[in-house]
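A structural walkthrough
Given next are the chains, with one letter for each unit.
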Amino acid sequence: MPSPKITRYVCSECGYTTTTKTGKCPSCSSWGTLIEQEAPPPVQQSADTPAVKVINALDVKAPPRIATGIGELDRVLGGGLVPGGVVLIGGQPGIGKSTLLLQAAGSVAKTYGLPVLYISGEESDAQVALRASRINVADGKLYLYSGANLDDALRNVDGGKFSFIVLDSVQAMTTGGDSGWPGTVTQVRAVAQRVVDTARQHMIPAVVIGHITKDGKIAGPMMLEHMVDTVLSFTGEGYSSYRMLRAVKNRYGSTDELGVFEMTESGLSPVADKSGLYWNRDDGAVAGVAMTIALEGSTPLAAEIQTLAARTIFQYPRRTSRGIELNRFQLLTAVIERRCGIATNNHDLYINVAGGLTLQDPSADLPSCAAIASALRNVPLAAGTCWLGEVGLAGEIRPVTRIDLRLKEAARLGFHTAVVSSREKVKFDGIKIVRVTHIDGALRGMVSST
Ligand code: TYD
Ligand code: MG
């Protein structure tokens, strides 16, 4: 007897499953997101294919890469685009997503001499062509489709013609006839699925541009991020012309690389010297300022930690922080009070990382302590010195990750001394290394209590 057909409705936003169709998802309250799905047929295991395999017996190779030639983008991707892999890139309107991908498309076309397809659902032929010539990426192998019909756009790809596809944007396209407006949950999902299928089928890389919502998430079903292999986030701060590219998810590489670009007259240009972003190189002797070399992925960044101590007029001293977590700042203040005997409770303390950088790296503990002590004593720290260490509750100084990389960057930037943990095994001749065991000793040597 055939089993009865069961229809279920799955919310494309949160995955909630029900057998009754409703307009609003009872779980996440999204409207119009319940999509009819037939229950999958029961899984039948054939007797001759083993279900599990020994991992050693699998023949695996690192995926070949197609470098876009834009170094900052390739590094964030983990070495370049992967054939058959789909990348989703999200960012605020006007941040430069279209510019970046047009540059990448032009560069792949030029470098490999293979046809690349740029699908623009948002801009006309003339707008894209004008931009391409302005940023100098127009190439005989760069093809353009402008319009909202994805099936029409991909017709040529199905003939196996293209080597790389860019879709700008997933919210502007429709697929599968007239079954909905572009940008609806159903259409966004169908469009993304169509691109993923095309990329896998022809083993070509694809990049899909996505809009983001007010709270910074990629607009459309959450499932979108699960469907693709890599999710990149393209951001900028305030009125700055710098743009940061980070991977949020990456099946083919790490997620902690940082790519930095500057938006110029002729498109996005890579910023090689990232330490200049947050540090003005003016290491003047001011009390309460300590330098460190933080790491963003494998990118070392010079960071300036500033602390101000002001005599408090309140019953409880204030603690304010920007760029360093407040709890961490309070903890470090307590460590200084208890382990170094420096009174902190009659001062309001403010800590700030210059340039709007946020430091999560524990290596910022030692420079923060040095800055706090320097501010409280009103004595500047030695110039040309950087501080690299984690501070424990007992006041012990612990090693940090990739000290070699940080010391090299410090030396390159002209620091002559680095204060590090005595447990650090590194050997490096380019800079004088001062090894410290405990916060008390570390600060006693550097901040004289005159
Ligand atoms: P765009 O790539 O269209 O952003 P998105 O696709 O993320 O919405 O970039 C838009 C902004 O970038 C626009 O305001 C103008 C600026 N821009 C430049 O400054 N220089 C350039 O060479 C280009 C192409 C754009
Ligand atoms: Mg755009």
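The structure this text deals with has already been given above.
For the structure given in this document, a descriptive report is provided here. (Residues numbered from 1 in each chain as written. Chains lettered and ligands numbered in written order. Predicted model: local features only at pLDDT ≥ 70, side-chain atom pairs only at ≥ 80, totals over all residues. Heavy atoms only, no water.)

Topic: helix α8 (residues 365-377)
Turn by turn, an α-helix covers 3.6 residues, leaving residues three or four places apart pointing in a common direction. Its 13 residues give α8 an end-to-end C-alpha distance of 18 Å, which sits within 8% of 18 Å, the value for a rise of 1.5 Å per residue. Counted residue by residue, α8 has twelve buried out of 13 residues, so it is predominantly covered. For α8, every residue scored as buried is listed here: Asp365, Leu366, Pro367, Ser368, Cys369, Ala370, Ala371, Ile372, Ala373, Ser374, Ala375 and Leu376. Just downstream of α8, Asn378 is the residue with a positive phi angle, here 55 degrees. (Helix = DSSP H or I, 4+ residues; strand = E, 2+ residues; numbered from the N terminus. Expected span 1.5 Å × (residues − 1). Buried < 20%, exposed > 50% of the residue type's maximum accessible area, 1.4 Å probe, protein only.)

Considering the environment of Ser12
Relative to the elements of secondary structure, Ser12 occurs in the loop between β1 (7-11) and β2 (17-18). A relative accessible area of 1% places Ser12 in the buried class. As a C-alpha pair, Ser12 and Ile35 span 23 residues in sequence and 6.9 Å in three-dimensional space. Beyond its immediate chain neighbours, meaning those up to four positions away, Ser12 contacts Thr33, Ile35, Val185, Arg189, Pro221, Met222 and Met223. (Contact = heavy atoms within 4.5 Å.)

Topic: a nonpolar patch on the surface
A contiguous nonpolar surface patch, about 330 Å² in accessible area, is contributed by Ile55, Leu58 and Val60. Looking at where Val60 falls in the secondary structure, it is placed in the loop between β3 (34-38) and α1 (71-77). (Patch = residues over 30% accessible without salt bridge, like charges linked within 9 Å, V, L, I, M, F, W, Y side chains within 5 Å. Areas by Shrake-Rupley, 256 points an atom, 1.4 Å probe, with all protein chains shown as cover. Salt bridge = Lys/Arg side-chain N within 4 Å of Asp/Glu carboxyl O.)

Some words on the pairing of strand β13 (residues 289-296)
Summarising burial for β13: eight of the eight residues are buried, a large majority. Going residue by residue along β13, you find Val289, Met291, Ile293 and Leu295 tucked away on one face and Ala290, Thr292, Ala294 and Glu296 tucked away on the opposite face as well. Where β13 folds back onto strand β14 (residues 299-311) in an antiparallel hairpin, the turn is made up of two residues, including Gly297, whose phi is positive at roughly 65 degrees. (Pairing = 2+ DSSP bridges.)

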